[in-house]
Amino acid sequence: MDYDLFQSDDEEDILTAFNQVTQQLKQDALNTAMEMDDDEEEELDDGLDWLPEFNCSGKDTQKTPLPAQGFLSSGYAQLHPPRCRLDNLCFDFVEGQLTVAAVRNYLHGEACKNVQKLFAAVAGQQQLGPAQASLTSSMGSGSGWFRVRQQVTHFYHMLLSLRAEDQRQFHENLRLLLNNQLDTEDAWKLLYFAENSKGNECQSPAYHLYHGILEWRFLDLLLLAAAAGEGDAEEQSSSSSSLLGQLERTLDDLIICAGHHYRGRHRPELIHTSPFVCRCTKELWLLLQRLVPQWLGERDLDFWLLFHKAMLRHRAKFFPGETNAVSLTFHEFYAWLRLGLARLDELQPPEILPPGSRFQTASLLKQFLASQPDEQQRRVYFSMLAPLQLQLAQPDVDVLCHLWEYLHRSLNCNFSAGSIEQLDQLQLTCPSGAAYVERYSKLLARAQLEDLNLSSFTTYVWLLGRTLKLLPTQGRSNQRQKLLGRIFSKFSAAKLLALNEAGIHHVIELFLCLLLSQEDLGELAVKLREMLLCLALDKLPPVRRVLVAKGHMALLLLHAQHRLPMEDYIAKLLAQLGAIRNDVEVGAVYAGTLQAIFDLADDFNRGEQLLLGPWLTHYVEKSGQASQDRVWQALHALILRLGEPRVAAGNASGITEALQQHILPLLRTQYVSGHSSWLPKVAAKFVAILDKEPGDKLLLSFLQGPEPLNLAASAQLMLQVLEDGCLRRPSNATILQVWVKSLVLLNPQHETVLALMPHVAQLEEFRQLAIDPAALEGGREPLCAFFGALGRRAQQEEAAAHVRMQLSHKLHAYVHHFELWLSPERLRSELGSRFYSFLAIVIYNCPSLAYVRSKPTCFFHLAMVRFLLTTQLQAGVPPEGRMPQMVHKIFPVLLQGIGRLPYRTDAYVGKTLEQLIQHWTPHFGFLASAKLVARPYATLLQADVDANDGSLAQFVLQLLVSQFLVVQRRKAGQQAGLVIGILRQLIEGIPVDQEQQLLTLLRGVHVPLLEHVMFVDELDHSRNQVLGLYRALVQHGGFKRYQAVRDMCSCHLRSLAEKHLAHCTYFYFQMLIKLAELAPDLVAPLVPFVREQAQQVELKRGAGEDVGIRKCLQQLQRVLS
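Residues numbered from 1 in each chain as written. Predicted model: local features only at pLDDT ≥ 70, side-chain atom pairs only at ≥ 80, totals over all residues. Heavy atoms only, no water.

## Looking at the overall build of the protein
Part 1 of the argument: Across its full length, the protein holds 57 helices and 2 strands.
Part 2 of the argument: The buried share of the protein, taken over its 1121 residues, is 53%.
Part 3 of the argument: Taken as a whole, the protein presents about 49,800 Å² of accessible surface, with 50% of it coming from carbon and sulfur. (Helix = DSSP H or I, 4+ residues; strand = E, 2+ residues; numbered from the N terminus. Buried < 20%, exposed > 50% of the residue type's maximum accessible area, 1.4 Å probe, protein only. Areas by Shrake-Rupley, 256 points an atom, 1.4 Å probe, with all protein chains shown as cover.)

## Considerations on the packing of aromatic side chains
Part 1 of the argument: Here the structure, examined in full by the defined rule, presents 52 aromatic pairs.
Part 2 of the argument: Ring geometry for Phe71 and Phe218: centres 5.3 Å apart, planes at 70°, overall edge-to-face. Taken together, the residues Phe71 in the loop between α3 (38–45) and α4 (101–122) and Phe218 in helix α9 (residues 205–228) connect sequence positions 147 residues apart. Neither Phe71 nor Phe218 differs from the other in exposure class; each is buried.
Part 3 of the argument: Ring geometry for Trp304 versus Phe307: centroids 5.6 Å apart, planes at 90°, classification edge-to-face. (Phe/Tyr/Trp six-rings, centres within 6.5 Å; stacked < 30°, edge-to-face > 60°.)

## Some details on the packing of helix α17 (residues 433–445) against helix α21 (residues 501–516)
Part 1 of the argument: Running from N to C, α17 and α21 point in directions that differ by 60°, and their axes come no closer than 10 Å. Taken together, the axis directions place α17 and α21 in an arrangement best described as oblique. In this structure, the crossing between α17 and α21 has a hand that is right-handed. Counted together, Tyr436, Val437, Arg439, Tyr440, Ser441 and Leu444 of α17 and His505, Ile508, Glu509, Leu512, Cys513 and Leu516 of α21 form the full contact between these two elements.
Part 2 of the argument: Across the contact of α17 with α21, the residue classes tally to 8 nonpolar, 2 polar and 2 charged. (Axes fitted to C-alpha atoms, helices over the stretch in contact; angles between N-to-C directions. Parallel < 35°, antiparallel > 145°, perpendicular 65-115°, else oblique. Left-handed = near helix turned anticlockwise from the far one by under 90°. Contact = heavy atoms within 4.5 Å. Nonpolar A, V, L, I, M, F, W, Y, C, P; charged D, E, K, R; others polar.)

## Quick notes on the confidence of the model for the protein
Part 1 of the argument: When pLDDT is averaged along the protein, the result is 86; 90% of the residues meet or exceed 70.
Part 2 of the argument: In the model, residues 131–142 has pLDDT below 50 throughout and makes 11 contacts with residues more than four positions away in sequence or in other chains.
Part 3 of the argument: Note that residues 419–426 has pLDDT below 50 and, in this model, 3 contacts with residues that lie over four places away or in other chains. (pLDDT = per-residue confidence, 0-100.)

## Describing the pattern of salt bridges
Part 1 of the argument: Applying the stated criterion across every chain yields a total of 38 salt bridges.
Part 2 of the argument: Across the pair Glu880 and Arg828 runs a salt bridge, and its minimum N-O distance is 3.2 Å. Residue Glu880 is located in the loop between α43 (871–874) and α44 (883–899), and its partner Arg828 is located in the loop between α39 (824–827) and α40 (830–845); the two are separated by 52 residues in the primary sequence.
Part 3 of the argument: Given a relative accessible area of 47%, Glu880 falls into the partly exposed group.
Part 4 of the argument: Given the relative accessible area of 32%, Arg828 is considered partly exposed.
Part 5 of the argument: The shortest N-O distance in the salt bridge between Arg1110 and Glu1098 comes to 2.8 Å. Residue Arg1110 is located in helix α57 (residues 1107–1120), and its partner Glu1098 is located in helix α56 (residues 1087–1101); the two are separated by 12 residues in the primary sequence.
Part 6 of the argument: For Glu1098, a relative accessible area of 7% corresponds to the buried category. (Salt bridge = Lys/Arg side-chain N within 4 Å of Asp/Glu carboxyl O.)

## Observations regarding the nonpolar core
Part 1 of the argument: With 382 residues, the main nonpolar core has Trp739, Phe787, Phe818, Phe838 and Leu983 as its most contacted residues.
Part 2 of the argument: Among residues more than four places away in sequence, those in contact with Phe787 are Val740, Leu811, Val815, Phe838, Ile841, Val842, Asn845 and Cys846. (Core = buried A, V, L, I, M, F, W, Y, C linked by side-chain atoms within 4.5 Å.)

## A look at unusual backbone geometry
Part 1 of the argument: The residue His817 is not glycine, and still its phi comes out positive at about 60°.
Part 2 of the argument: The residue His817 is located in the loop between α38 (801–814) and α39 in this model.
Part 3 of the argument: A positive phi is found at Arg970, a non-glycine position, where the angle reads about 65°.
Part 4 of the argument: Within the element layout of this structure, Arg970 appears in the loop between β1 (967–968) and β2 (971–972).
Part 5 of the argument: Overall, Arg970 belongs to the partly exposed group, its relative accessible area being 26%.

Structure representation (structure tokens):
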């Protein structure tokens, strides 16, 4: 039908009628201006000042608000909507002129023509006429297509103000035209894919046609609803049927639009995407939701029944076929649109939640599951089902029953949405029982669940848990029992044992959500734990054992949280653990939950003490360091709680007994062999909870027993005991012993040593030593300050013998069992250097206290036989590792300390000094530099000459040369070259102005050196070394400067002549001749003395002149001449 034909025939009639009505209106206005009553005034003012219309703001979202001046806000959701003011219509006629039939016919024709124009424009057949476009633009009313659409909409508004018999023909014609146009196959598709979200100012005809259809269909329904309430019964029945038919057609069209919108979405987007193209479509849906019950209430029809029927018609037309893929797509679309419509109720005032049957969730879910959906489809569908179950309607128990009937067959599946290759990589399980409880507590606390990363089974247990929480609040506890009975009926011992890892995980999920949804866990907890105990650990492979153990620990934590008896449960768990020989992996799961259970206990009267059993000892012994730390931390926290009043009044004695019986023996061994920093803390707490005498014994056994692998353990234990302020404070000697040991094994800057220092400084024994505080700070060595002060006090003149004896006892108490402080392995490490320095510091500062004559347990003797002069060393076994380097460092200090003892009169001390030189000097040759090799003796020489008269240095040098320069059978010893090198370095290192050092050196070594030259073979390398040393001596500045040095050398040569000329004449002259070559000024004055001694030798022999002696004298004379 082409409505352009109407225009030319009626132009004259319209013009005539228009003029007549205009003149009549003017006359009526003058005659009745003063006669209008109040009712008429109210009638004129009645109506809206604006005409509601759809003005789209863009794509709809779940949070997009409805417009402030739309149909809904204007009151059009009422059974009798408000009428608009006719003077607001966009026609070029005043209100009175609209009563002319010809005008109405004209406007009707224009409306039909505009509808055709919009459809033709969308189909690409027509553009807006230039005259109309320019007119619209000049009038400033926005888009020309909007003007076209608006004229049709305003015509509908005009019809709403007419009587039924006046508007029926126009209304039916327009409806027929619109229905015929929309019945074409691609009408809605073209509209949907056109640009339809740019606002009323846009120039897109598709946009204006789409939103115009929404307006026209709604206003058309309002006209039908108004007509259904007027006329006789037959007319009302006819109008009601027309209203129902048009309503169904409108729903079909809206669903078609939603279907096109659905096809453009990816499945994961659905849960976050609105099913409405725009907010205008959403507003129309909401208007229908509110008006349908008012329109069709007498026919027992509601919106949702019409919607479900419309969806069935939609499936028959747009989802043909019975394949699973088609069915799944339809049900997914159905659930998506249904959720969007149900959420529109949130925009209405809150009322009592409707029954779940309104949405037909159970029947539709059953059809969906029968179509064999994959995991991703299940996740999306369940996510769209959840709000209907929990927020928008009363929970439907049948839904959960259908889900359980479907899912319980797939418990052993991973419910993975990925490919098969990725299944093994999925981390289904939680790391511990506590993690399980935390995870599912947080899960059930969530009011909404739109996370597609969660499996469909997890979504189900969330739905189940949330539903079980809601049912009692709605007075439906009987349905909760029905649901639980349906779930438990699917479990048997055989089925539980057939579960794989994924199945066990899903059962744990299910059980936890069942428990977490209950207020009173009593009966249900017992039932569930017995079901889980059917998974006997000895009947499961290792991986499943660990998973079952996590489930048990999660249930046990819930028992603890709700103060349920646990004794029977724990006993059964430990029995199952014992059946698998206390497997460490399962034990790790049990141990990981200890602290959480102990923290939840209030009086420990529910069987918690059973957890402190042999299994825990076995686990700690077999587990790694981190695992041990966690156990000791839990035990430490447990012991701390024993002092709480409620625990003390409860089962504190039972916990203490279990600790002493099972944990204390473990602590004793672990304290020595473990590295955990928690061990000293736990040990200190054990000392505190025991009675005084057992506690004191335990503390001493820790402090004076075998040395722990954790070097800081003793200091940490002592610090913990002192800071706890318990009544059984250790003795001062014990505190100082721990402090000294810590300084040796650790260092002064270690945090524990620093923390211990204030406690040590307060001790009376420490204050009596009057140590300068500065000596203990600033990076200085506190050991030197402490033992130095102790040694000085012993050396005071007023110190009596008994005082020195007391100090000696104290010293030995401070270093008690020092020989056990370091293992042989650690002694050879860097730590050994500090330990050897400690030995030297004690011997140097406190020699008279460290050495007790005829006492093999004194410090001095133990230091020698265990560390410095071991049996292996004396047997010729070379020391290992860094031992020579460490002894080389302390050697001069050690010798000086021994020098303060009566080494000349005490045979043991003298022998010790001799052995130290004999056995350690050869091992100093490891150093590449001769100067470093000689450093211990150079240091001793300098220090002894400066502090004393050099007697110790002379004695040590005499021992040195007597040990290594002895000639046997004209051969020098193996170490002669090393010792000669040391002596040469000593000579070269003596400053020119140090006459006393040079004299001390010569007193000790000059004669043995000359004798070595005399008796060693002339070809021996050491002979030339000694001569080279002598050359260095005579060239030394001190030799040339000081007459006393030269006189000593001359004296030694004379004494050798008197001693050896008679028996070793040749050797003596050979030595003298060599010296004459090196130092003629030294030898020349001795020639008369030597000649005289030679004559006396000849006289003693009684054979006259000795030719050999004469030749030697002549040769000596020639060298000197």
